[in-house]
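# Structure at a glance
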Amino acid sequence: MELKTKKKLLDSDGIRRALTRISHEIIEKNEGLDDIVIVGIRTRGVPLAKRISSKLEEIEGEKVSTGILDITLYRDDLTTIANQPIVHQTEIPIDITDKKVVLVDDVLYTGRTVRSALDALMDLGRPRNIQLAILVDRGHRELPIRADFVGKNLPTSNQEVISVNLQEVDGEDAVVLKEQIE
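Residues numbered from 1 in each chain as written. Predicted model: local features only at pLDDT ≥ 70, side-chain atom pairs only at ≥ 80, totals over all residues. Heavy atoms only, no water.

An unreviewed UniProt entry lists the protein chain under the name Bifunctional protein PyrR, with Orenia marismortui given as the organism. According to the UniProt record, the Sequence similarities (unreviewed entry) comment for the protein chain reads "Belongs to the purine/pyrimidine phosphoribosyltransferase family. PyrR subfamily." The annotation that UniProt attaches to the protein chain under Catalytic activity (unreviewed entry) is "UMP + diphosphate = 5-phospho-alpha-D-ribose 1-diphosphate + uracil". (UniProt positions renumbered as here; feature names shortened; annotations may be inferred.)

Attention now goes to the overall build of the protein chain. Across its full length, the protein chain holds five helices and eight strands. A compact globule built from 182 residues should have a C-alpha radius of gyration of about 16 Å, and the protein chain, at 16 Å, falls within 12% of that. With the C-alpha coordinates of the protein chain rotated into their principal frame, the extents come out at 50 × 40 × 30 Å. Counting every position in the protein chain, which comprises 182 residues, the buried fraction comes to 45%. Put simply, 70% of the contacts in the protein chain that link residues at least 6 apart link residues at least 24 apart. A total accessible area of about 9700 Å² is found for the protein chain, and carbon and sulfur atoms account for 44% of it. (Helix = DSSP H or I, 4+ residues; strand = E, 2+ residues; numbered from the N terminus. Rg over C-alpha atoms; globule rule 2.2 N^0.38 Å. Buried < 20%, exposed > 50% of the residue type's maximum accessible area, 1.4 Å probe, protein only. Contact = heavy atoms within 4.5 Å. Areas by Shrake-Rupley, 256 points an atom, 1.4 Å probe, with all protein chains shown as cover.)

In this section: the packing of helix α1 (residues 12-30) against helix α2 (residues 45-60). With their axes 9 Å apart at the nearest point, α1 and α2 run at an angle of 60° to one another. Taken together, the axis directions place α1 and α2 in an arrangement best described as oblique. The interaxial crossing formed by α1 with α2 has right-handed handedness. Across the interface between the two elements, Ile15, Leu19, Thr20, Ile22, Ser23, His24, Ile26 and Ile27 of α1 pack against Leu48, Arg51, Ile52, Lys55, Leu56, Ile59 and Glu60 of α2. Along the lines of polarity and charge, the residues of the contact of α1 with α2 split into nine nonpolar, three polar and three charged. (Axes fitted to C-alpha atoms, helices over the stretch in contact; angles between N-to-C directions. Parallel < 35°, antiparallel > 145°, perpendicular 65-115°, else oblique. Left-handed = near helix turned anticlockwise from the far one by under 90°. Nonpolar A, V, L, I, M, F, W, Y, C, P; charged D, E, K, R; others polar.)

You can see Thr156 is positioned in the loop between β6 (149-153) and β7 (160-165). Judged by its relative accessible area of 11%, Thr156 is buried. In terms of polar contacts, Thr156 uses its side chain to reach the side chain of Arg138, at 2.8 Å. Every residue in contact with Thr156, bar those within four places of it in the chain, is listed here: Arg138, His140, Ile162 and Leu177. (Polar contact = N/O pair within 3.5 Å; in protein donor to acceptor, adjacent residues only side chain to side chain.)

Assignment of secondary structure puts Thr110 in the loop between β4 (100-108) and α4 (112-124). One polar contact links the side chain of Thr110 to the main-chain amide nitrogen of Arg112, over a distance of 3.3 Å. Not counting the four nearest positions on each side in its chain, Thr110 is found in contact with His140, Arg141, Glu142 and Leu143.

The tally for this structure, following the rule as stated, stands at zero aromatic pairs. The side chain of Arg138 reaches across the aromatic face of Tyr109, ending 3.9 Å from its centre. (Phe/Tyr/Trp six-rings, centres within 6.5 Å; stacked < 30°, edge-to-face > 60°. Lys NZ or Arg CZ within 6 Å of the ring centre and 35° of its normal.)

As judged from the seven bridges shared by strand β1 (residues 2-10) and strand β8 (residues 174-181), these two strands associate in the antiparallel manner. Following the sheet pairing, Thr5 is matched in β8 by Lys178. The pairing of β7 with β8 spans six bridges and is antiparallel. The partner of Asn165 across the bridge, within β8, is Ala174. (Pairing = 2+ DSSP bridges.)

Attention now moves to the nonpolar core. Grouped together as the largest cluster of nonpolar side chains are 28 residues, with contacts concentrated most on Ile38, Leu135 and Val175. Looking at which element gives the most residues to this core, the answer is α1, with six residues. Other than its neighbours up to four places away in sequence, Leu135 contacts Ile15, Ala18, Leu19, Leu48, Asp105, Asp106, Gly151, Lys152, Val164 and Val175. With 19 residues, the next largest nonpolar core counts Ile41, Ile92, Val114 and Ala147 among its residues. (Core = buried A, V, L, I, M, F, W, Y, C linked by side-chain atoms within 4.5 Å.)

Below, the structure is given as structure tokens:
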């Protein structure tokens, strides 16, 4: 399957503004940062989580615990993605029991990644609640999962792909709409 770039949807300023808005919404919804833990889903959820944590600290003057969640072994498509999937370490610096966990990822599509992340988190402890922060919600849910904080809603067709590029992973910040070429 070949992909052709259709349109650049967000540049680095657009991503920065979306993450700033998400950060303010996290503070408002939780009436501050008490007991908040920010957890990024590998791969691109991790730099987004770190950026949100930095923004929260900048706004509130308070450091927030930030972690990394690897969901590889929780995926329902594990046998179809690779013969030998690469499992990375989950790194969450504190016990999440009775904490407000904000789970962060780049794109919300079918909801299956988030379901896997919820399973992984529940194996680590029993959070008071789990909230979901997503840079881009593209629709097409297969599971009843909804984000609490959304940077941008970008309805797409099933033939389109949202590609999130982040400086820390890809060398640039951009959200691009791509289309499958037959």
